[in-house]
Amino acid sequence: MTTGSDHQPRPGQRARLPLDAVAADLARAVGGEVRFDPGSRAAYSTDASNYRALPLGVVVPRTPEDAVAAIAVCRQHDMPVLSRGGGTSLAGQCCNAAVVLDWTKYCRRVLGVDADARTVVVEPGIALDALNAELRPYDLMVGPKPATHVSCTIGGMIGNNSCGSTAQAYGKMADSVRRLEVLTYDGTRMWVGPGLEGLTDSLRDALRELVDRYAEDIRESYPDIPRRVSGYNLDSLLPEHGRDSAKLLVGSESTLVTVLRAELELVPVPAAKALVVLGFPDVFAAADAVPEVLGHHPAALEGLDGRLVELEHSRHLAEHAIEQLPDGNAWLMAQFDGDTQEIADDVARRMMRTVRRRTGAHAKLVDDPEREAELWSAREAGLGATAYPPGGRETHEGWEDAAVPPERLGDYLRDFERLLQRFGYESSSLYGHFGQGCVHTRIPFDLRTADGIARYREFVTQSAHLVVDYGGSLSGEHGDGQSRAELLRIMFGERIIDAFGELKNLFDPRHRMNPGKIVQPHPLDGDLR
């Protein structure tokens, strides 16, 4: 094992870092690229979050077997490891002092499509749009579609349990994962799936004992909402959920295993779509109308407020889409799919008539694909529009994607807006996956002064208590990372936090897989950039 004490420099001699030995051993073992130079380490020190942590080095494997070899070297040197997808993570889960595995350059192959079974086997580095392009001849696609679909990878989506607007119809990434080929830090390699399939006997027995011991705590502590992403998926191990070890590992943020390959369940590409845009006087009225729209079973139901649209207009983003919006100061976008355009339009019109009659909303039906794409671009431009508002304070993630029961969304937003006002953050825009109660917002936190950081900490702590009071989840999409892991005790309580620690110890007893995330977390106000 290489340690710092093995490389103490003599007086006047340049310190020979233990990383030199790690890099040399990796270069001998791995067929891909090994990058331990300062520039590469700096480039991988950030993701889309508030955090910066300089990695120990970067490995770009050419094959999953290269990654297996790389982890064996890291294990020999007792070095932590971290798998990285497209770098779009918003909670800091891709920033750590670890050896980073970047799958995106080479490990992006489609290894097999079974059109009849609607499944595909892929390597983790393939981007979602690239995979869906290869699936297009089969009229199949991956169900979840995050706004970063052009760059987010399947491995990253698995690590994060990603969702996007289409999760309204198809669920989270955990609902699309059928089996995973995974590697533990100690070198155990296995294909895992339903019924604790593929696990070693000792791990299977330990997981069954763990979840049976905590079963009632899990049933009581896990909110029954569409967008619970926070914490480990211990509920997937309950007998009523099929004791699914693959779904357990989805959303574990590279803290338990390394994903080498994945088998996914696919869905048919909708033959036709119709989009209805509903205009309301404010975002609270829009949220109040969500249950009415949900009664018509939309394939997607998104919300955006007037602040977001003003920012997009001022930055000349999605201007054609903004021109198409009906009157209002907040909007719901409801998509309906059908086997024909006539069927999709008919369902959409029935929803329009009902919601207009009961809420007074203004409404517009769009079934032209080009116009639909423009309107969806307005929704997907949300993060970019709100990050650096012209003439305003820069905004940050930090309380980015909490989720509550959709039927309680309007009341939650009113209370959350009052909290924003109390802290002086009232300029924050509110938008997101309203059909599943998931709210995105970028907030003008002051992360440059001690007082500002203390205020940020107090705000997110109070926000965590608020969302838990509503029966919600701290994260409905973007994971815990460093932004929310410290707050998980508020959501789950001590018993489940203990269970998370036991789960971590089963898969990663040396705590070398993305340490400091989810279990024994780094402080949420540490490593800020």
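(A) Inspection of the state of the cysteines at higher detail. A full pass over the atoms with the stated rule returns 0 disulfides. Cys-95 takes part in no disulfide bond, and the closest cysteine sulfur to it belongs to Cys-94, at a distance of 7.0 Å. Cys-163 forms no disulfide, and the closest cysteine sulfur to it belongs to Cys-438, at a distance of 7.1 Å.

(B) Structural detail: the sheet that holds strand 2 (residues 57-60). With mixed pairing, the 4 strands of this open sheet are ordered in space as 1-2-4-3. Strand pairing shows two members of the sheet lacking a second neighbour, strand 1 (33-35) and strand 3 (81-84), which therefore form its edges. The mean angle between the axes of side-by-side strands here comes to 20°, regardless of whether they run parallel or antiparallel. Pairing geometry for strand 1 and strand 2, over 3 bridges, is antiparallel. Counted as the bridge partner of Val-34 is Val-59 from strand 2. Sitting on the sheet, helix 3 (residues 64-77) is in contact with strand 2, strand 3 and strand 4 (99-102), with an inclination near 180° to strand 4.

(C) Inspection of the packing of helix 17 (residues 409-422) against helix 18 (residues 450-469) at higher detail. At a closest axis distance of 11 Å, the pairing of helix 17 and helix 18 adopts a crossing angle of 165°. In this view, helix 17 runs roughly antiparallel relative to helix 18, as classed from their interaxial angle. Between helix 17 and helix 18 the crossing geometry is right-handed. Contacts between helix 17 and helix 18 involve Tyr-412, Asp-415, Phe-416, Leu-419, Leu-420 and Arg-422 from the former and Arg-455, Phe-459, Gln-462, Ser-463, Leu-466 and Val-467 from the latter.

(D) Quick peek at the packing of aromatic side chains. Evaluation of the coordinates by the stated rule reveals 12 aromatic pairs. With a centroid separation of 5.8 Å and an interplanar angle of 15°, the aromatic rings of Tyr-412 and Phe-416 are classed as stacked. One end of the pair, Tyr-412, and the other, Phe-416, are both in helix 17, 4 residues apart, so they sit about a helical turn from each other. Take Tyr-412: its relative accessible area is 1%, and that puts it in the buried class. The class of Phe-416 is buried, set by a relative accessible area of 1%. The interplanar angle of 20° and the centroid separation of 6.1 Å between the aromatic rings of Phe-423 and Tyr-425 together place this pair among those described as stacked. Assessed through its relative accessible area of 3%, Tyr-425 is described here as buried. Looking at Arg-62, its charged tip hangs above the ring of Tyr-106, at a distance of 4.2 Å from the centre.

Definitions and limits used
Residues numbered from 1 in each chain as written. Predicted model: local features only at pLDDT ≥ 70, side-chain atom pairs only at ≥ 80, totals over all residues. Heavy atoms only, no water. Disulfide = S-S within 2.5 Å. Pairing = 2+ DSSP bridges. Helix = DSSP H or I, 4+ residues; strand = E, 2+ residues; numbered from the N terminus. Axes fitted to C-alpha atoms, helices over the stretch in contact; angles between N-to-C directions. Contact = heavy atoms within 4.5 Å. Parallel < 35°, antiparallel > 145°, perpendicular 65-115°, else oblique. Left-handed = near helix turned anticlockwise from the far one by under 90°. Phe/Tyr/Trp six-rings, centres within 6.5 Å; stacked < 30°, edge-to-face > 60°. Buried < 20%, exposed > 50% of the residue type's maximum accessible area, 1.4 Å probe, protein only. Lys NZ or Arg CZ within 6 Å of the ring centre and 35° of its normal.

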